[in-house]
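Here is what each chain is made of, one letter per residue.
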Amino acid sequence: MKPIDVFKALSNESRIQILQWLKEPYLHFTPHEGIDMNEVGVCVSQITGKLNMTQSTASQYLSMLQRAGLITTKRIGKFTYYQRDEEAIGQLAEFMKSEM
């Protein structure tokens, strides 16, 4: 995880909102086709709908969060699911605490 990539990813309100939603997915989304959102994640189409933006823009935001190491993806059939990387977020918190 490169701190500069993380801070760039977090420099957008919508990307921060995605991370907040993914923290407690059952509060913000309806499960997709019986998927356990805590184990698998949230479908990109659900995130796109909640952001109220094009899938292209939402996908760019999700890609940026993934490159920063803050979220992970799982592909099941034709769907891609996104989930927070809690270990990486914990490392970021430790970095902030010890280095800043």
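Everything in this summary refers to the structure shown in the same document. (Residues numbered from 1 in each chain as written. Predicted model: local features only at pLDDT ≥ 70, side-chain atom pairs only at ≥ 80, totals over all residues. Heavy atoms only, no water.)

## Quick word on the pattern of salt bridges
Condition: A pairing counts as a salt bridge when a side-chain nitrogen of Lys or Arg comes within 4 Å of a carboxyl oxygen of Asp or Glu. Buried means the residue's accessible area, taken with a 1.4 Å probe over protein chains only, is under 20% of the maximum for its type, while exposed means over 50%, and partly exposed covers the values in between.
Applying the stated rule across the entire model yields 1 salt bridge. When the shortest N-O distance is used, the salt bridge between Glu86 and Arg84 registers 2.6 Å. Here Arg84 falls in the buried class, since its relative accessible area comes to 14%.

## Here's the deal with the pairing of strand β3 (residues 79-84)
As a general feature of sheets, a regular strand has side chains that alternate between the two faces. Rules: Segments assigned H or I by DSSP are reported as helices when at least four residues long, segments assigned E as strands when at least two residues long, and all are numbered from the N terminus. Should DSSP find at least two bridges between two strands, the strands are taken to pair.
Where burial is concerned, most of β3 is hidden: 5 out of the 6 residues are buried. Here strand β2 (residues 71-76) hands over to β3 after 2 residues, with Gly77 in that stretch at a positive phi of 60°.

## A short note on the packing of helix α4 (residues 44-51) against helix α5 (residues 55-67)
Spelled out, the test is: To define axes, lines are fitted to C-alpha atoms, for helices over the stretch in contact only, and angles between the resulting N-to-C directions are given on a 0 to 180 degree scale. Reported orientations rely on four angle classes, namely roughly parallel under 35 degrees, roughly antiparallel over 145, roughly perpendicular from 65 to 115, and oblique for the rest. Residue contacts follow a heavy-atom distance rule, with two residues in contact if any of their heavy atoms lie within 4.5 Å. Amino acids outside the nonpolar list (Ala, Val, Leu, Ile, Met, Phe, Trp, Tyr, Cys, Pro) and the charged list (Asp, Glu, Lys, Arg) are all regarded as polar, and Gly is one of them.
Viewed as axis vectors pointing N to C, α4 and α5 meet at an angle of 110°, and their least axial separation amounts to 9 Å. In this view, α4 runs roughly perpendicular relative to α5, as classed from their interaxial angle. When α4 is examined against α5, the residues Val44, Ile47, Thr48 and Leu51 are found in contact with a partner set consisting of Gln55, Ala58, Ser59 and Leu62. Tallied by class, residues from the contact of α4 with α5 come to 5 nonpolar, 3 polar and no charged.

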